[in-house]
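Given next are the chains, with one letter for each unit.
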Amino acid sequence: AGNSDFFLRVLRPRDHWRLFQDMREYAVALDIETSGYTVQQGGYVTMVGLYDGFDYRPLVRGDGLDKKQLSHELAGYKYLITFFGTVFDLPFLKEALGFQYAGLHFDLCFAARRAGIKGGLKKLEQLLGIPRDESVKGFDGFDAVRLWNAAERGSSQARELLEAYNRCDTVNLFELADILYYMLRAQTGVHAFMEQSALQRRRGC
């Protein structure tokens with residue numbers, strides 16, 4: 001019935017992955033870019049990317065990125081997908097913007113580790129065959145900072161590349177979530193159980 005509050009009460013955060021397929025229509029992927037410094041050092045969020053499986057929307061510092069707008073954008077969703085967001089994205093948003101998220105959360109970094117895969121988002125994309133736009137292939141967080149600095153100096157090309165980089169980081173989370181969900185689901189043994197049950201029914205047991 002889409003009642004996410006119920007599952008917040010009965011499921012541990014590490015098990016929120018189990019709801020991915022059922023909550024997919026209420027899900028949104030989120031990824032942030034920063035200035036390269038911690039908030040204590042004067043750092044800030046430069047861009048927040050959001051993707052719900054259909055549309056990608058970037059919120060940019062100085063152009064619609066604040067606590068009120070981010071809260072408004074996320075109000076229609078009940079299930080958040082991030083990569084290492086538990087440790088980085090969400091704490092940074094809380095410190096920098098005062099925005100706090102307390103809903104269902106599928107953190108793909110820790111899901112991948114439980115599935116036996118270690119590494120950052122780009123490594124997982126390569127291992128699992130998830131493509132990345134050629135214009136930003138090979139870029140990393142340092143490049144995102146460099147592009148932001150260039151955009152601040154007036155480079156429209158840098159702004160476009162930064163958005164393309166963030167779009168890949170955000171959009172690819174949905175495909176990765178799909179893969180990791182089925183990997184973790186297989187680990188539960190439910191496939192073998194269902195096949196055995198179906199076999200027994202066919203045999204009339």
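The structure this text deals with has already been given above.
From a predicted model like this one, the values you see are computed outputs, not experimental measurements.

So, how was this worked out
- Residues numbered from 1 in each chain as written.
- Predicted model: local features only at pLDDT ≥ 70, side-chain atom pairs only at ≥ 80, totals over all residues.
- Heavy atoms only, no water.
- Buried < 20%, exposed > 50% of the residue type's maximum accessible area, 1.4 Å probe, protein only.
- Helix = DSSP H or I, 4+ residues; strand = E, 2+ residues; numbered from the N terminus.
- Pairing = 2+ DSSP bridges.
- Core = buried A, V, L, I, M, F, W, Y, C linked by side-chain atoms within 4.5 Å.
- Contact = heavy atoms within 4.5 Å.
- Phe/Tyr/Trp six-rings, centres within 6.5 Å; stacked < 30°, edge-to-face > 60°.
- Lys NZ or Arg CZ within 6 Å of the ring centre and 35° of its normal.

Chemist: Would you explain the pairing of strand β1 (residues 27–34) in this entry?
Modeler: A regular strand places its side chains so that they alternate between the two faces of the sheet. Where burial is concerned, most of β1 is hidden: eight out of the eight residues are buried. Along β1, one buried face is formed by Ala27, Ala29, Asp31 and Glu33 and the opposite face, lined by Val28, Leu30, Ile32 and Thr34, is buried too. For β1 and strand β4 (residues 79–82), the ladder comprises three bridges, and the chain directions are parallel. Along β4, the bridge assignment pairs Val28 with Leu80. Taken together, the six bridges between β1 and strand β2 (residues 45–51) define a ladder with antiparallel strand orientation. Bridging across to β2, Glu33 finds its partner in Met47.

Chemist: Would you explain the nonpolar core in this entry?
Modeler: The nonpolar side chains of a soluble globular protein tend to be buried, and buried together. Formed by 43 residues in total, the largest nonpolar core has its most connected members in Tyr79, Ile81, Phe83, Phe106, Leu108, Leu176 and Leu180. Of the residues forming this core, the biggest block, 12 residues, is contributed by helix α7 (residues 156–187). Ignoring sequence-local partners within four residues, the contact set of Leu108 consists of Ile81, Thr82, Phe83, Leu173, Leu176, Ala177 and Leu180. The next biggest cluster of nonpolar side chains, apart from the first, holds 16 residues, and it includes Leu30, Val48, Tyr77 and Leu80.

Chemist: Just to check I follow, could you spell out the packing of aromatic side chains for this structure?
Modeler: Pairs of aromatic rings are described using the distance from one ring centre to the other and the angle between the two planes. By the definition in use, this model includes 11 aromatic pairs. Among the aromatic residues, those joined into a ring-pair cluster are Trp17, Phe20, Tyr51, Tyr79, Phe106, Phe174, Tyr181 and Tyr182. The lysine or arginine in question, Lys78, covers the ring of Tyr26, its NZ or CZ lying 4.7 Å from the ring centre. Taking the ring centre of Phe139 as reference, the NZ or CZ of Arg146 above it sits at 5.9 Å.

Spatial relationships are all this shows, so hold off on functional conclusions.
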